[in-house]
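Overview (structure and organization)
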Amino acid sequence: MFRKRNLTMSREYAESIINTVREPLIVLDQDLRVVKAGRSFYEFFKVKPEETVGQLIYDLGNKQWNIPKLRELLETILPQKATFDNYEVEHDFATIGRRTLLLNARQIRRVLGMERIILLAIEDITERRRIEEKLGTSEVRFRRLFESAKDGILILDAQTGTIVDVNPFLIELLGYSHIELKGKKVWELGLLKDVIANQDKFLELQQQGYVRYENLPLETSDGQHISVEFVSNVYLEGHTKVVQCNIRNITERKQAEEALRESESRFRMMVENMTDYAIIMLDTGGHVVSWNAGAERIKGYQADEIVGQQFSRFYPKEDIEHGKPEQELSVAAAEGRIKVEGWRVRKDGSLFMADIVITALRDDEGQLRGFVKVTRNITERKRAEEALQVTKETLEEGQRIAHLGNWEWDAVNDKITGSEEFYRLFDAAPEGIARFSQFVERLHPDDKQRVERDVAAALRQDRLYDTDYRVKLSDNSWRDINAKGRAYTDADGKPVRMAGTCLDITERKRAEESISIKKRIGDIFLVISDDEMFHEVLKVILETTQSPHGVFGYLDETGGLVVPTMTHQIWDKCQVPEKSIRFPRETWGDSSWPRALREKRTVHSNRPSANTPEGHVAIQRHISLPILFQGEPIGLFQVANKVSDYSETDIGTLVMIADYVAPVLSARMKRKKAEDEIKQLNVELESRVVERTVQLETTNKELEAFSYSVSHDLRAPLRSIDGFSRIIVEEYANKLDEEGKRLLNVVRSNTQKMGELITDLLNLSRVTRDEMKAVHVNMSTLANSIYHEVASPDVLKRCSFSIEPLPDAYCDPSLMRQVWRNLISNAIKFTSRQDEQKIEIKGRTEDGTNIYSIKDSGVGFDPRYSHRLFGAFQRLHKAEEFEGTGVGLAVVQRIVHRHGGRVWAEGAIGGGATFHFSLPLKENRYEQ
Amino acid sequence: MNNEVEILLVEDNPNDAELALRALKKHNLANNVAVVTDGEEAIDFVFARSKYEHRKTESGPRIILLDLKLPKVDGLEVLRAIKGDPRTKIIPVIVLTSSREEKDIVESYKLGVNSYILKPVDFDKFVDAVKEIGYYWLLLNQSPIK
């Protein structure tokens, strides 16, 4: 019993211990089954007693504990040793993960009533192992770092200052060996110049735990002076305080810094003094850091007003709103630099055009430190550039419009350059006309030699170069160009280059050609007869279209084509008998030229004609062109068999000639038609004239005969009447009384009158019939003599007669004599009864006629009847008053009219009369 | 001699002939006047042919008064005949006519007429003209014919 109670007490004692112990504890029996486990065990491994106690250890946690190493311990090691400590086991537990455990195991015999129990104490050293590992890794790392560091590392004992460790870099740097350094005090190193100071510093270090020298001068073992950065830290290594010194060789850096400082100051000076460029430094945020004289000048701000300000204030408002400054900075930062042109604002608000380069500044590590901004005022330059650009564009435009290009030939290097228009004129790319030989290649074969000569002459004699030539274009057509230029010499007088212009003169040449063709044709029309005209015009069109064969014809009234001429070869070949052949419209058919005429358009082909009639010339190529006038065809041009194909130019030339020829041809043909008509009319007229003349002559003869017979036959009886009645009066007077005598006298006087009448009538008719022979007549003399002829002595005595000088007349003298006789007789007659008898004769020349006037102071006449004055047998006075037959004035009128003049009279009853007649001057004379 | 014809009057108009004779008579010039009434007779007379073949040409006439408008042979023909013959061309011929035609005048003178007088309608003037002629040609003018 006691034993049992002791046992129980032991067991309770053991259990309490087991449960109290902090580390997991587990008791196994000899079969390795769990007898008991401590609370810590259950907590640690997160298992329950129910699932643990009684289990085989290896079965714990679903056989989690089936660990080979555990088996080794429990079954192999422990039986031999009975105790084993610090058995490390690592295992990945399902419940708690991977753990590193340290086991203490005890085998105890005959305790607690059991044969054998095993005690397992478990310590979780997972963390510790981790730390140790880390430490180990750190240790390794540290070691590695220590060994390979490019800085010197010195480990000192903090208390004594003794060098504990030195890394290889420092060894190399200082030139001392490991052995030399280790164990020494740090200030004993000969390299630390100022020992005392160093000791003090060491004290400082001990106190503060940290010391730093930025620039410590050292001397290596071989006397080299170096500068180092010296940093020291104090820390604990285990229980010991150690000082770690980091030593960086900053000799190079210092030198670089020195150089940099030097260049910086140089640079600064340069920047400071530069006034044409604003050079400012910006920080990364765009604030102004530095400001040079140029910036002051260009932007207007003093340095102190602007440093620290945002550089965006130099931008115009819109740019700021659009975030331009920031954009530019970021581009500079991204790409290293940015070059822009833009408007910037001065201090006074005025704008200027700036050329800006912003360069990003980076340090050795590539970190952005800031920016340098270089600004230049290019307002003037910009304006000049723009003006130049405008000028350039204007020039180019002008050149384009004027088809004028300029060129330059570097004779030394044989290089040709030119303006856009120049290349366009030559229809070439710059490469295609870069050398002189290429230029010559493009010329017309006939022009090549001449142009080369001209160029040589210009070069040799420094003469002005002015020549025309043709260049071949890509479509194989030719362009006429006039080139002008001059040669330039170097200092020695050797020609080195030529420069000049090229002008497209195709239009001008074409116009000149047109003019010369037109002139030629114009001359033809002027000078040459109709027959030859066709031939000559044909020659012109053959020449200008370089055709050996051709036709020029016209359409007659029937619409048929008449060809007055063909080229001679065709004559011979076509065996045409007549000189001119006619194609009646019905026979035209459908070949080219009838189509051209019918359809009123040009028909041309550069292919051989399919159907050539026998004996005719084969047509290789031709142009058939109708000559249109006012929309209707009046003629035809045809040219054929030019050596090369007919071009649009050829057609154009023919059209031009046709247009020019058309009106003249039409006029010619109209004229010819009119001429023919006139000829016809003339022929008719001739015959009619002949007829009429014959008639007239007959009539004249009849009239002559009539007047002859009148004069003879009428007079004879009159004579008889008069004579015999006279005889009666004389011889039978005694048988007649007064009345009888009177009656007989009446008979006599009437017969006389009748005789006068007959005379006058005869006169009148003769005056009309007789041939007029016009000569110069002195009218003054004539009038005067007539007066003296007509006037009786009595009249001469009593009448006052005056005659002014009269202009000579060109007239028939005998007829004019009658005129004067009649007029003067009338004047005398009608003044005979007046108290005042005055006759005045005047004359004047007026408007190409001579006007003669005779004024009398006679009885005058009633002007109401003046229109009857000049009628035959018209009398305005009674026979008793004034004798006369009334034919006199009719005769005057007839004669004057025959001379192409007029008669008229003025008068008043009782107031005299003035008679005028006019005669045209010789030049104006015409005969009725 | 009394047979001598002094004046040959060639006049177809009997009235005119009568008047002419009266005029001549009035002025005592009508002693030996022969009258023929047409051209043929005139020529016969002057050249002593047919009817007048017995006439002696030596006996005149001393002057011929010739009218132009004559039947049968025209006056100008007579003139031509007379002036064309050497035997008769010396006889003064005085054309006494009413024709004023210039061509008659010119032709007459071409043919050799000695004088060309127009017959006035007025009888008095006619008589005067005849008288003048007579006086002139018979008395004043020296005739080649004796």
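Residues numbered from 1 in each chain as written. Chains lettered and ligands numbered in written order. Predicted model: local features only at pLDDT ≥ 70, side-chain atom pairs only at ≥ 80, totals over all residues. Heavy atoms only, no water.

Our focus in this paragraph is the overall build of chain A. Broken down by element type, chain A carries 28 helices and 33 strands. Residue burial in chain A is summarised as follows: out of 928 residues, 40% are buried. Within chain A, contacts between residues at least 6 apart in sequence are counted, and of these 49% link residues at least 24 apart. For chain A, the exposed surface amounts to about 52500 Å²; the carbon and sulfur share of it is 52%. (Helix = DSSP H or I, 4+ residues; strand = E, 2+ residues; numbered from the N terminus. Buried < 20%, exposed > 50% of the residue type's maximum accessible area, 1.4 Å probe, protein only. Contact = heavy atoms within 4.5 Å. Areas by Shrake-Rupley, 256 points an atom, 1.4 Å probe, with all protein chains shown as cover.)

Per the secondary structure count, chain B includes five helices and five strands. Reading the helices (α) and strands (β) of chain B from amino to carboxyl end gives β-α-β-α-β-α-β-α-β-α. When burial is assessed residue by residue, chain B has 54% of its 146 residues classed as buried. Within chain B, contacts between residues separated by at least 24 positions form 64% of all contacts whose residues are at least 6 apart in sequence. By element, 50% of the accessible surface of chain B is carried by carbon and sulfur atoms, the whole surface being about 7000 Å².

Before going further, it helps to examine the interface of chain B and chain A. Counting residues at the interface gives 24 residues for chain B, matched by 23 residues for chain A. For the pair chain B and chain A, the two sides together bury roughly 2200 Å², of which 49% comes from carbon and sulfur. Here B:Arg22 and A:Glu731 are joined by a salt bridge, their closest N and O atoms 2.3 Å apart. Taken together, chain B and chain A are joined by three residue pairs in polar contact (both at pLDDT 80 or more). Within the residue set of the side of chain B that touches chain A, elements represented by two or more residues are α1 (14-26), α4 (102-111) and α5 (123-140) of chain B. Looking at which element gives the most residues to the side of chain B that touches chain A, the answer is α1(B), with six residues. For the side of chain B that touches chain A, the per-class residue count stands at six nonpolar, five polar and 13 charged. (Buried area = accessible area lost by both parts, 1.4 Å probe. Salt bridge = Lys/Arg side-chain N within 4 Å of Asp/Glu carboxyl O. Polar contact = N/O pair within 3.5 Å; in protein donor to acceptor, adjacent residues only side chain to side chain. Nonpolar A, V, L, I, M, F, W, Y, C, P; charged D, E, K, R; others polar.)

Another aspect to go through is the pattern of salt bridges. Counted under the stated rule, the structure contains 59 salt bridges over all chains. A salt bridge links B:Lys72 to B:Glu40; the nearest nitrogen and oxygen atoms lie 3.9 Å apart. With a gap of 32 residues between them, B:Lys72 in the loop between β3 (63-66) and α3 (75-84) and B:Glu40 in helix α2 (residues 39-46) connect regions that are remote in the sequence. Beyond isolated ion pairs, a larger network of salt bridges with shared partners links A:Lys339, A:Glu341, A:Asp355 and A:Arg381.

Attention shifts here to the sheet that holds strand β5 (residues 114-124) of chain A. Residues and elements named next belong to chain A. One open sheet holds the five strands; their spatial order is β2-β1-β5-β4-β3, and the pairing between them is antiparallel. Across the chains shown, the open sheet's two edge strands, defined by having one partner strand only, are β2 (34-37) and β3 (83-93). Strand-to-strand twist across the sheet, computed as the mean angle between neighbouring axes with direction ignored, equals 25 degrees. Bridging between strand β4 (residues 97-111) and β5 involves 10 bridges; their strand directions are antiparallel. (Pairing = 2+ DSSP bridges. Axes fitted to C-alpha atoms, helices over the stretch in contact; angles between N-to-C directions.)

All names here are of chain B. Put simply, α2 and α3 touch, their axes get as near as 9 Å, and they point 15 degrees apart. Overall, the two elements α2 and α3 adopt an arrangement that is roughly parallel. Crossing handedness for the pair α2 and α3: right-handed. Along its contact with α2, which presents Gly39, Ala42, Ile43 and Val46, the element α3 presents Val78, Ala81 and Ile82. Classifying every residue of the contact of α2 with α3 gives six nonpolar, one polar and no charged. (Parallel < 35°, antiparallel > 145°, perpendicular 65-115°, else oblique. Left-handed = near helix turned anticlockwise from the far one by under 90°.)

Once that is clear, we can look at the sheet that holds strand β8 (residues 210-219) of chain A. All names here are of chain A. Strands sit in the order β7-β6-β10-β9-β8 across an open sheet of five strands; the sheet is antiparallel. Each having just a single partner strand, β7 (163-166) and β8 make up the two edges of the open sheet. Strand-to-strand twist across the sheet, computed as the mean angle between neighbouring axes with direction ignored, equals 25 degrees. As paired elements, strand β9 (residues 225-237) and strand β10 (residues 240-249) share 10 bridges and run antiparallel to each other. The residue of β10 that forms the bridge with Ser232 is Cys245.

All names here are of chain A. Put simply, helix α27 (residues 813-831) and helix α28 (residues 888-898) touch, their axes get as near as 9 Å, and they point 145 degrees apart. Crossing of α27 against α28: the hand is left-handed. Residues Leu815, Gln818, Val819, Asn822, Leu823 and Asn826 of α27 form the contact with α28, whose participating residues are Gly888, Leu889, Val891, Val892, Ile895 and Val896. Among the residues making up the contact of α27 with α28, the classes are represented as eight nonpolar, four polar and no charged.

Along the chain, A:Val440 turns up in helix α17 (residues 436-441). Dropping the residues within four chain positions of it, A:Val440 is found in contact with A:Lys448 and A:Glu452.

Moving on, we get to the nonpolar core. Residue and element names in this part refer to chain A. In this structure, Met779, Tyr787, Met816, Trp820, Phe915 and Phe917 are the most contacted members of the largest nonpolar core, which totals 43 residues. Among the elements that line this core, the one with the most residues is α27, at eight residues. Apart from the residues lying within four places of it in its own chain, the contact partners of Tyr787 are Val795, Leu796, Cys799, Phe801, Ile824, Ile828 and Ile839. Core analysis: the second largest hydrophobic core is formed by 30 residues, Ile26, Leu32, Tyr87 and Ile122 among them. (Core = buried A, V, L, I, M, F, W, Y, C linked by side-chain atoms within 4.5 Å.)

Looking now at the packing of aromatic side chains. Residue and element names in this part refer to chain A. Using the criterion set out here, one finds 28 aromatic pairs over all chains in the structure. Taken together, a centroid distance of 3.7 Å and an interplanar angle of 5 degrees make the contact between Tyr787 and Phe801 stacked. With Tyr787 in helix α25 (residues 779-790) and Phe801 in strand β28 (residues 800-803), the pair connects residues that are 14 residues apart, well separated along the chain. On the basis of relative accessibility, which here comes to 2%, the residue Tyr787 falls in the buried class. The structure contains a cluster of three or more aromatic residues connected by ring pairs, namely Trp409, Phe422, Tyr423, Phe426, Phe436, Phe439 and Tyr469. In this structure, Arg71 is placed above the aromatic ring of Tyr58, and the distance from its NZ or CZ to the ring centre is 4.1 Å. (Phe/Tyr/Trp six-rings, centres within 6.5 Å; stacked < 30°, edge-to-face > 60°. Lys NZ or Arg CZ within 6 Å of the ring centre and 35° of its normal.)

Residue and element names in this part refer to chain A. Taking burial as the measure, the six residues of strand β6 (residues 152-157) include six buried ones, the bulk of the element. Judged by which residues are buried, β6 turns out to be covered on both faces: Gly152, Leu154 and Leu156 on one side and Ile153, Ile155 and Asp157 on the other are all buried. Looking at chain direction, β6 and β7 are connected through three bridges and run antiparallel. Across the sheet, residue Ile155 finds its bridge partner in β7, namely Asp165. What sits between the antiparallel neighbours β6 and β7 is a turn of five residues, in which Gly161 has the positive phi angle 80 degrees.

The grouping of B:Tyr135, B:Tyr136, B:Leu139 and B:Leu140 at the surface amounts to a nonpolar patch, some 430 Å² of accessible area in total. Overall, the relative accessible area of 39% leaves B:Tyr136 in the partly exposed class. (Patch = residues over 30% accessible without salt bridge, like charges linked within 9 Å, V, L, I, M, F, W, Y side chains within 5 Å.)

Residue and element names in this part refer to chain A. Among all positions in α28, only Leu889, Ala890, Val891, Val892, Ile895, Val896 and Arg898 are buried. Buried positions along α28 lie against α24 (738-769), α27, β32 (903-907) and β33 (913-920). Just downstream of α28, Gly900 is the residue with a positive phi angle, here 90 degrees.

Our next topic: the environment of A:Thr284. Residues and elements named next belong to chain A. Considering the arrangement of structural elements, one finds Thr284 in the loop between β11 (277-283) and β12 (288-291). Distance from Thr284 to Ser330, taken between C-alpha atoms, is 9.7 Å for residues 46 residues apart in sequence. The residues touching Thr284, leaving out its near neighbours within four places in the chain, are Leu368, Arg369, Gly370 and Phe371.

As a further point, take the confidence of the model for chain A. Mean pLDDT over chain A works out to 82, with 92% of the residues at or above the 70 mark. A low-confidence stretch, residues 568-572 of chain A stays under pLDDT 50, and its non-local contacts, those more than four residues away or across chains, total 13 contacts. (pLDDT = per-residue confidence, 0-100.)

Residues and elements named next belong to chain A. Here Leu32, not a glycine, exhibits a phi torsion of approximately 70 degrees, which is positive. Secondary-structure assignment places Leu32 in the loop between β1 (25-29) and β2. Overall, the relative accessible area of 9% leaves Leu32 in the buried class. Unlike most non-glycine residues, Lys600 shows phi in positive territory, near 55 degrees. Relative to the elements of secondary structure, Lys600 occurs in the loop between α22 (592-599) and β24 (603-605).

Bringing the side chain of A:Thr52 into the picture now. Residue and element names in this part refer to chain A. Tracing the chain through its elements places Thr52 in helix α3 (residues 49-52). At 2.7 Å, the side chain of Thr52 and the backbone oxygen of Lys48 are in polar contact. Ignoring anything within four residues of it in the chain, the contact list for Thr52 reads Ile26, Val34, Ala37, Phe41, Tyr42, Val47 and Leu60.

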